[in-house]
Protein chains: 2
Amino acid sequence: MAVTIKDVAAKAGCSVTTVSRILNNRGSISEKTRKKVHTAMEELNYFPNQLAVNLFRQRTYLVGLIVPDVSHAFYALEIKYIERVLHENGYRLLLCNAESDNMRETEYLNMLQSNKVDGIIIASHTLDLEAYSKVNLPIVALDRFLGPDIPTVSSDHEQGGRLAAQELIDNNCKKVIQITGFCGVPTPSHKRHTVFSDVMKKNGICCETLELPFNAFSFRDYITYADNIFRNHNHIDGIFAADNVACAMEKVAISRGLNVPGDLKIVGYDGIEASLMSYKTLTTVAQPVKQLALTTVVTLLEIISGESVFDKGTHIRLPVRLIRGETTVDTKSGNEVLQQ
Amino acid sequence: MAVTIKDVAAKAGCSVTTVSRILNNRGSISEKTRKKVHTAMEELNYFPNQLAVNLFRQRTYLVGLIVPDVSHAFYALEIKYIERVLHENGYRLLLCNAESDNMRETEYLNMLQSNKVDGIIIASHTLDLEAYSKVNLPIVALDRFLGPDIPTVSSDHEQGGRLAAQELIDNNCKKVIQITGFCGVPTPSHKRHTVFSDVMKKNGICCETLELPFNAFSFRDYITYADNIFRNHNHIDGIFAADNVACAMEKVAISRGLNVPGDLKIVGYDGIEASLMSYKTLTTVAQPVKQLALTTVVTLLEIISGESVFDKGTHIRLPVRLIRGETTVDTKSGNEVLQQ
DNA sequence: AAAAAAATGACAACCGGTTGACAATTTTGG
DNA sequence: CCAAAATTGTCAACCGGTTGTCATTTTTTT
């Protein structure tokens, strides 16, 4: 059926050993033979069976990536950059969409171990820590805490929470709401909300923390949810939430006749395109998506190659950046102030 | 190093054959032995080496997916649903992001062949048709034409173009612009633009077709581009473009003081979340993202299992749906008309 | 022409499973 | 207790490569 190294050897009129030597650049080979073999490989459309190679080498150059939702803009971007860095380093990506389902995550974890991937990047967390520590493979956690032996890479959510809080304070918010993701387990990103809350308290500002009541990522749900919030909370003048949610809040606010940022200031988090798509470009705390991907992959590859310079449980935090859009400072009213 | 079937056999006090029998449900095995072996597997944290199994079975249950951009919302969704259907059928996904780069696409195509995937889904097209026909593996094209032997699954772009045109006509547009994607090669989606143009012509409506001058997918670029269009074209009253672009057009139009849909009607294409995020929810032609994924995977699996009922070069078209948002019919002005 | 170096081949073991054939042992039923 | 059935084991071949050893052939050098 499939073309094997034997067929190539036969066609090129040489031994299997010679073909293998050529494939792996070992021993000495004459130009003539090399050419003959290459021609044979082309004519036969030969591709070395990586299963056999990998089995022998005990190495697959395969990395598994487990995410909670492929289609969420943030993860989609992470996947893109992670795949890019992996590709640059000769690795390929086995993508696993856990969909926040612990059955699936377990299956994937098992599958990845069976498939002898060289390492795993996990950006999901629906299992007990034990499930992760039992995995006998290099693992790096992306924006999750998976146990004392697994390094975490995340953005500096503490800084992010502080920046967001300060931006709302600087723009005179007095009654703010922050919306957190659905909280099954503690993740690095929770830090931004505790810090946000703390800073608000220290400044004597009324701050309420709400938790998304579901674990889905649908904009339609966010709109419904935003609607509820405005129905149940009066005189809010500041909001802090992930970009998608913030975008929904802005849209609903405006449709309810509120002036943004006049009546209501909004700060998003993530820095994804949703922040640009809304009517008023969101002021947002941008995560370093590219850097996160790069650092995660590099950390994993270092562990794989045994060159890791970090302690097992390191937490690498990458700096975030406040991008000022149109939802915290009103350019026009700013001018008016100047003109007075 | 790694735990093998031999270790399990040793620990369970039985032969390798027995363990293999248990793993594959062959022969007759006593409950006692079965239990012993399962215990041993658990205690050793054993995972059968899929490389060895796959090598023997000549089957990997791996499917490669080549997309032009993982982070584009449409593809991100397709990936999500494709992965889901694959997973339901016991297949895993090797994700390849071609990034519209023919070098990368070639590498991926070779890699997938080396890795003996069971089949490939291709949603990219930067190579000669020959490159695809040479691949000796089941292939299905998603929204691309890759040659006479490769089936294509796409949405019914003809219907889509017609629906979009009709919507603008029904709302009295007289001077419309449609914006097409960057055109390297003909794809099924081009059809919607030729049909759109035809319908407009037949109705005596001025219709200009513009092509995105770049092959990137960045919202920031779309904004710049939209700005240019408005600078160079006066009195446009209708626009047809992909959701992302349409969203940018809407945003720029509004910032230039235009009334949407009063002065300008917009119809998007895709039905992704961008259509909901804009200030006025886009009227859009929604592609059946889930159905596309399902059909693509099912078609591929049928070819893999040799049960395909289609001709090799079939083109399966799935119906689209017009979702009326707020960018073609103004609810308020609609009411006003009624009240007169 | 002889010696040294380069090129190639033959062969076997291995990676970690699967599988078929056949034998040996244990269990079960009458 | 014996025959039949069920269970388990041994062994070898195979999947498609890689690699080390040793031998043989060809080419190059002096």
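The structure this text deals with has already been given above.
What comes next is a walk through the structure.

Definitions and limits used
- Residues numbered from 1 in each chain as written.
- Chains lettered and ligands numbered in written order.
- Predicted model: local features only at pLDDT ≥ 70, side-chain atom pairs only at ≥ 80, totals over all residues.
- Heavy atoms only, no water.
- Pairing = 2+ DSSP bridges.
- Helix = DSSP H or I, 4+ residues; strand = E, 2+ residues; numbered from the N terminus.
- Axes fitted to C-alpha atoms, helices over the stretch in contact; angles between N-to-C directions.
- Contact = heavy atoms within 4.5 Å.
- Buried area = accessible area lost by both parts, 1.4 Å probe.
- Salt bridge = Lys/Arg side-chain N within 4 Å of Asp/Glu carboxyl O.
- Polar contact = N/O pair within 3.5 Å; in protein donor to acceptor, adjacent residues only side chain to side chain.
- Least-squares fit on C-alpha atoms with pLDDT ≥ 70 in both.
- Core = buried A, V, L, I, M, F, W, Y, C linked by side-chain atoms within 4.5 Å.
- Buried < 20%, exposed > 50% of the residue type's maximum accessible area, 1.4 Å probe, protein only.
- Near = heavy atom within 4 Å.
- Nonpolar A, V, L, I, M, F, W, Y, C, P; charged D, E, K, R; others polar.

**Description of the sheet that holds strand S8 (residues 238–240) of chain A**
All names here are of chain A.
And then number 1: Sheet architecture is open: six strands sit in the order S7-S6-S8-S9-S10-S12, paired in mixed fashion. Unpaired on one side and paired on the other, strand S7 (206–211) and strand S12 (321–323) mark the two borders of the sheet. Across the sheet, the mean angle separating the axes of adjacent strands is 20° when strand polarity is ignored.
And then number 2: Strands strand S6 (175–180), S8, strand S9 (265–270), strand S10 (283–286) and S12 of the sheet are contacted by helix H8 (residues 157–170), whose axis makes an angle of about 165° with S9.
And then number 3: Packed on one face of the sheet, helix H11 (residues 243–255) meets S6, S8, S9 and S10 and runs near 155° to S9.

**Examining the interface of chain B and chain A**
And then number 1: Counting residues at the interface gives 54 residues for chain B, matched by 54 residues for chain A.
And then number 2: In total, chain B and chain A occlude about 5,200 Å² of area from one another, counting both sides; carbon and sulfur atoms represent 59% of this.
And then number 3: Three residues, Phe47(B), Leu51(B) and Met277(B), lead the burial of chain B against chain A; their summed loss comes to 14% of the area buried on that side.
And then number 4: A salt bridge links Arg84(A) to Glu99(B); the shortest N-O distance between them is 2.9 Å.
And then number 5: Inspection of the chain B/chain A interface yields 27 residue pairs in polar contact (both at pLDDT 80 or more).
And then number 6: Elements represented by at least two residues in the side of chain B that touches chain A include exactly helix H4 (50–57), helix H5 (73–88), strand S2 (92–97), helix H6 (102–114), helix H10 (219–232), helix H11 (243–255) and helix H12 (274–277) of chain B.

**Let's talk about the relation of the copies chain B and chain A**
And then number 1: Of the transformation superimposing chain B on chain A, the axial component is 0.0 Å and the angular component is 180°, with the fit at an RMSD of 0.1 Å. What we have between these two chains is a two-fold relation.
And then number 2: In this assembly, 100% of the residues forming the interface of chain B have copies in chain A that are likewise at the interface, indicating an isologous arrangement.

**Quick notes on the nonpolar core**
Within soluble globular proteins, side chains that are nonpolar tend to cluster in buried spots.
And then number 1: Ranked by internal contacts, the top residues of the largest apolar core, which has 116 residues, are Ile79(A), Leu95(A), Ile179(A), Ile79(B), Leu95(B) and Ile179(B).
And then number 2: Filtering out sequence-adjacent residues up to four positions away, Leu95(B) remains in contact with Ile79(A), Glu83(A), Leu93(A), Leu95(A), Leu65(B), Val67(B), Val70(B) and Ile79(B).
And then number 3: Core analysis: the second largest hydrophobic core is formed by 38 residues, Tyr108(A), Ile120(B), Leu127(B) and Ile139(B) among them.

**Some points on the protein's contact with DNA strand C**
And then number 1: As a matter of local geometry, DNA strand C sits amid 26 residues, with Thr18(A), Ser28(A), Thr33(A), Ile5(B) and Arg57(B) nearest to it.
And then number 2: Near-protein atoms of DNA strand C (within 4 Å) split between backbone and bases, with sugar and phosphate holding 73%.
And then number 3: Between a phosphate oxygen of DNA strand C and a side-chain N or O atom of Ser28(A), the distance comes to 2.9 Å.
And then number 4: Contact distances for DNA strand C include 2.9 Å between a phosphate oxygen and a side-chain N or O atom of Gln58(A).
And then number 5: When contributions to the surface near DNA strand C are tallied by element, the ones reaching two or more residues are helix H2 (16–24) and helix H4 (50–57) of chain A together with helix H2 (16–24) and H4 of chain B.
And then number 6: Among the elements that make up the surface near DNA strand C, the one with the highest residue count is H4(B) (four residues).
And then number 7: Partitioning the surface near DNA strand C into residue classes produces ten nonpolar, twelve polar and four charged.

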